[in-house]
Amino acid sequence: MCGIVGYVGPQRAQDVVVDGLRRLEYRGYDSAGVAVVHDGVLAVAKRSGKLANLEKVLADKPLPPATTGIGHTRWATHGPPNDANAHPHTGGARRVALVHNGIIENYAELRDRIEADDHVFLSETDTEIAAHLVELQVQSGVDLQVAMQRVCQQLDGAFTLVAVDAEDPGRVVAARRNSPLVVGLGEGENFLGSDVAAFIEHTREALELGQDQIVTITADEVTVTDFWGSPVEPTRFHVDWDLSAAEKDGHDWFMRKEIFEQPRAVADSLIGRRGVNGLLQLDEMRLADEEIRDLDKIIVIACGTSFYAGMVAKYAIEHWTRTPVEVELASEFRYRDPIVDNTTLVVAISQSGETADTLQAIRHAKSQGAKVLAICNTNGSSIPRESDAVIYTHAGPEIGVASTKGFLTQLVACYLLALYVAQVKGTRYGDEIDEIMGQLEAMPDHIDTVLTRADSIYELARAHVATRSVLFLGRHAGYPVALEGALKLKELAYIHAEGFAAGELKHGPIALIEEGLPVLCVVPPRGRDQLHAKMLGGIQEVRARGARTICLAEEGDHTIEPYADDLIRLPQVPVLLQPLVAIIPLQLFACELATALGHDVDQPRNLAKSVTVE
Ligand code: AGP
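The present account deals with the structure reproduced in this document.

The rules behind each value
- Here the residue numbering is sequential within each chain, running from 1 through the sequence in written order.
- Confidence filtering applies because this is a predicted model: local features only for residues at pLDDT of at least 70, side-chain atom pairs given and counted only at 80 or more, and all residues used for totals across whole chains, interfaces and linings.
- For the side-chain quantities, the full set of heavy atoms in the structure was used; hydrogens and water were omitted.
- Two rings belonging to Phe, Tyr or Trp (six-membered ring only in the last case) form a pair when the distance between their centres is within 6.5 Å. Interplanar angles under 30 degrees mark stacking, angles over 60 mark edge-to-face geometry, and anything in between is tilted.
- Type-normalised accessible area, obtained with a 1.4 Å probe on protein chains alone, sets the label of each residue: buried when under 20%, exposed when over 50%, and partly exposed for intermediate values.
- Here, over-ring charges are defined by two tests on the NZ atom of lysine or the CZ atom of arginine: distance to the ring centre within 6 Å, and angle to the ring normal within 35 degrees.
- Note on definitions. A residue lies near a molecule or strand when any single heavy atom of the residue is within 4 Å of it.
- Think of a polar contact as two N or O atoms within 3.5 Å of one another; within protein, one of them needs to be a possible hydrogen donor and the other a possible acceptor, and neighboring residues in sequence only count if both atoms come from side chains.
- To measure how exposed things are, a 1.4 Å probe is used in the Shrake-Rupley method; for residues, cover is taken only from the protein chains shown.
- Here a strand is any run of E in DSSP of at least two residues, a helix any run of H or I of at least four, and the numbering for each starts at the N terminus.
- Here the term charged refers only to Asp, Glu, Lys and Arg, the term nonpolar to Ala, Val, Leu, Ile, Met, Phe, Trp, Tyr, Cys and Pro, and the term polar to all other amino acids, Gly among them.
- We call a set of buried Ala, Val, Leu, Ile, Met, Phe, Trp, Tyr and Cys residues a nonpolar core when their side-chain atoms join them within 4.5 Å.
- Between two residues, a contact is recorded if the distance between any of their heavy atoms is within 4.5 Å.
- Paired strands, in this sense, are two strands between which DSSP finds at least two bridges.
- Interaxial angle, 0 to 180 degrees, is taken between N-to-C directions of lines fitted to C-alpha atoms, where a helix line uses only the stretch in contact.
- Without a salt bridge and with relative accessible area above 30%, a residue can belong to a patch; like charges are then joined within 9 Å and nonpolar side chains (Val, Leu, Ile, Met, Phe, Trp, Tyr) within 5 Å.
- Any carboxyl oxygen of Asp or Glu within 4 Å of a side-chain nitrogen of Lys or Arg constitutes a salt bridge here.
- Residues counted as positive are Lys and Arg, residues counted as negative are Asp and Glu, and His and the chain ends are not counted.
- Note on charges: their place is set at NZ of Lys, CZ of Arg, CG of Asp or CD of Glu.

1. A short note on the packing of aromatic side chains
One pass over the structure, following the stated rule, counts 6 aromatic pairs. For the pair Phe227 and Trp228, a centre-to-centre distance of 5.8 Å together with 40 degrees between the ring planes defines the contact as tilted. According to the relative accessible area criterion, Trp228 is exposed, its value standing at 56%. Here the aromatic residues Tyr7, Phe191 and Phe199 are joined through ring pairs into a cluster of three or more. If you follow Arg256 out to its NZ or CZ, it ends over the ring of Tyr458, 4.9 Å from the centre. One cation-aromatic arrangement involves Arg605 over Tyr494; the distance from NZ or CZ to the ring centre is 3.8 Å.

2. As for the site of the ligand
Neighbouring the ligand are 15 residues; Ser306, Ser350, Ser352, Thr355 and Glu491 lie closest to it. Gln351 is positioned with one of its backbone polar atoms (N or O) 2.7 Å from an oxygen atom of the ligand. Residue Val401 places a main-chain N or O atom 2.8 Å away from a nitrogen atom belonging to the ligand. For the ligand, whose unbound accessible area comes to 410 Å², protein coverage reaches 91%. At the level of elements, α10 (304-321) and α18 (478-493) are the ones that each hand at least two residues to the shell around the ligand. The class makeup of the residues in the shell around the ligand is 4 nonpolar, 9 polar and 2 charged.

3. Focus: the nonpolar core
Judged by nonpolar contacts, the single largest core of 97 residues is most densely connected at Met285, Trp320, Leu373 and Leu489. It is helix α14 (residues 405-425) that provides the largest number of residues to this core, a total of 15 residues. If we ignore the near neighbours within four places in the chain, the residues touching Met285 are Ile292, Leu373, Asp388, Ala389, Val390, Ile391, Leu417 and Tyr420. Leu24, Leu54, Phe199 and Val239 belong to the second-largest nonpolar core, a separate cluster that totals 30 residues.

4. Considerations on helix α8 (residues 262-270)
Turn by turn, an α-helix covers 3.6 residues, leaving residues three or four places apart pointing in a common direction. Here α8 lies mainly inside the structure; 7 of its 9 residues are buried. Buried residues of α8: Gln262, Pro263, Ala265, Val266, Asp268, Ser269 and Leu270, and no others. Downstream of α8 by one or two residues, Gly272 has phi in the positive range, about 75 degrees.

5. Overview of the sheet that holds strand β11 (residues 205-208)
The antiparallel open sheet is built from 8 strands, whose spatial order is β3-β2-β4-β1-β10-β9-β11-β14. Sheet topology places β3 (41-48) and β14 (235-238) at the edges, where each strand pairs with a single neighbour. In this sheet, neighbouring strand axes are inclined to one another by 20 degrees on average, regardless of whether the strands run parallel or antiparallel. Two strands pair when backbone bridges link them, and β11 and β14 are joined in this way by 4 bridges, in the antiparallel orientation. Bridging across to β14, Leu207 finds its partner in Arg236.

6. Focus: the side chain of Asp212
Within the secondary structure, Asp212 sits in the loop between β11 and β12 (213-217). Using a relative accessible area of 17% as the deciding quantity, one classes Asp212 as buried. A distance of 2.8 Å separates the side chain of Asp212 from the side chain of Arg177, its partner in a polar contact. Leaving out residues up to four positions away in the same chain, Asp212 has contacts with Arg176, Arg177, Thr225, Asp226, Phe227 and Trp228.

7. Some thoughts on the pairing of strand β4 (residues 68-74)
Summarising burial for β4: 7 of the 7 residues are buried, a large majority. Burial of the side chains of β4 extends over both faces: Thr68, Ile70, His72 and Arg74 are buried on one face and Gly69, Gly71 and Thr73 on the other. As judged from the 6 bridges shared by strand β2 (residues 31-38) and β4, these two strands associate in the antiparallel manner. Directly across from Gly33, in β4, lies its bridge partner His72.

8. Quick look at the environment of Asp118
You can see Asp118 is positioned in the loop between α3 (107-115) and α4 (127-139). Sequence spacing of Asp118 and Gly92 is 26 residues, and the spatial spacing of their C-alpha atoms is 9.7 Å.

9. Focus: a negative patch on the surface
Taken together, the side chains of Glu105, Glu109, Asp112 and Asp156 define an acidic patch exposed on the protein surface. Along the polypeptide, Asp112 turns up in helix α3. Of the residues examined, Asp112 reaches a relative accessible area of 51% and is grouped as exposed.

10. Quick look at the pairing of β12
For β12, the buried fraction is high: 5 of the 5 residues fall into the buried class. Sheet topology note: the strand β8 (residues 172-177)/β12 ladder contains 5 bridges and is antiparallel. Residue pairing in the sheet places Ala175 in a bridge with Ile214 of β12. Relative to strand β13 (residues 222-226), β12 runs antiparallel, the two sharing 5 bridges. Within the sheet, the bridge partner assigned to Ile214 lies in β13 and is Thr225. Here β12 hands over to β13 after 4 residues, the two strands then running antiparallel side by side.

11. Examining unusual backbone geometry
Omega for the peptide link from His87 to Pro88 comes to 0 degrees, which places this bond in the cis form. For Pro88, the position within the fold is in the loop between β4 and β5 (89-90). Here the phi dihedral of Asp39 falls at roughly 50 degrees; this positive angle occurs in a residue that is not glycine. Take Asp39: it is sitting in the loop between β2 and β3. Even without being glycine, Asp337 reaches a positive phi, approximately 55 degrees. You can see Asp337 is positioned in the loop between α11 (330-333) and β17 (344-350).

12. Remarks on the environment of Tyr563
By the secondary structure assignment, Tyr563 is in the loop between β23 (548-554) and β24 (566-570). Its relative accessible area of 26% is what places Tyr563 among the partly exposed residues. Here the alpha-carbon distance between Tyr563 and Cys551, two residues 12 residues apart in the chain, equals 8.4 Å. Once you skip the residues sitting within four places of it in the chain, Tyr563 turns out to touch Leu536, Ile539, Gln540, Arg543, Thr549 and Cys551.

The analysis is restricted to geometry; functional conclusions fall outside its scope.
What follows is the structure, given as structure tokens:
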């Protein structure tokens, strides 16, 4: 998820674009850049690191006083965060500059095609190919709008592209597919932005763009077509948010915004995972097939929410690959003298990629000869840098300290790893893997369905503002969900909350049950041997002792109704994938209860987004 700004008008483009990027810095902050068109030439400045680094460069050496420009703050997906990979990118003749948000799935084949024509690429990004392709088009004699149309017809994946042509000043052209872009309508000036925060200080009149559309802005005109040149009438709207709300897409908290971004984050984490031959491809993984075939054990190490993702991974990897999996708290791992050797794959799960416990644990594992694979959301951070292989999640920057979309995209990465190992080891047939991939690709819609039930979950949460203790129960893959749900409530509402394996209750914790104690129960799908029946038994045990049961159960499961004081419906999904939908109500519950208690949801007390001390 990156920040994009475009401008045409009477103001100095560099100033408008940089101000806009500053409003969007929460969308990505590992590099930034600006390009302007002046006297028939491009002027480009870009730097790795935070926007402040670029501002220092511009303070020393401002761009020419141009009035047409584009800019970008990057959240790296392809290529580490460095100056060369920072956007804007240009074509070989430095006539076209272009910025991009998203993932161009077929960039490799497109790049091979034009590299053969002696095109030299300066970066490792997927974006640069688009700059070259657009430039080739304008060099053939078509205008920037037609050039963009023709290029978008060749691209697969999710993208927002914004470009300028040095020989066509006063015009910015953009395209969007499955990636955000809005138009700001000014007086004698117009704006483009990844969201309204980019231009809200200049105008609150905006245009919403639809799928597969191209927009051209000049100082006085905005025209919209589809990818094939047919005119389109965009939807106009008035922005009634203030700047702070605009950065959160109108939500009160970044966390709430990130909860509602989860369908897109899961979809983005699945992009490009199927090869042209239908086989699963994890090309950034860099583990050779024979290394995977030789694996005799997998140890997952992580902390907090990421540890619970690892617990779900254990169920999936062992079920689909028959490879033994241990899941370890990173802070405990190296002190227990673990049995690790060169047939062990250590999987380090970390949203930030900077967690000290996890970093120290992988260093220990490597010293014992293990291969290390990182599952991480932050390109170029320490943990993937020190690992032998990596699977990046594509959640975009997660600002809220409490992890939500980071967790869901970790689950997706773990499922993909399990399926990939199964494919290489041959423990699952291709059509089985294909079926599960299809189920995963349907998950964004299922997550959306749960999110439509948010208001009833908020009402339930607000009814518990006086609660001082909550239990969470789950079985099988629902057990890590119970633990994660309890952690969310602890870290946001500062309420004692504890997750249990439902089968463990009768071995002691059931003594905690008393009249009115809220117990959130993650009910597994029906049809899985005794799992569902045993969970119902546990729910009856606590309810018989006075607990207030809040049950999360799949649609159509009527057996749960007599035992649920409150019932939250989940879409019908396979048991191993149920965590992707079951955690959503628990995230919403914790977020709303903390809000009702007046807590700072984005920055809870005593916590940090990345724990860089052991
Ligand atoms: C989760 O909501 C917490 N913020 C915390 O448990 C976090 O998951 C843990 O610190 C691990 O962080 P990481 O994924 O960045 O390594």
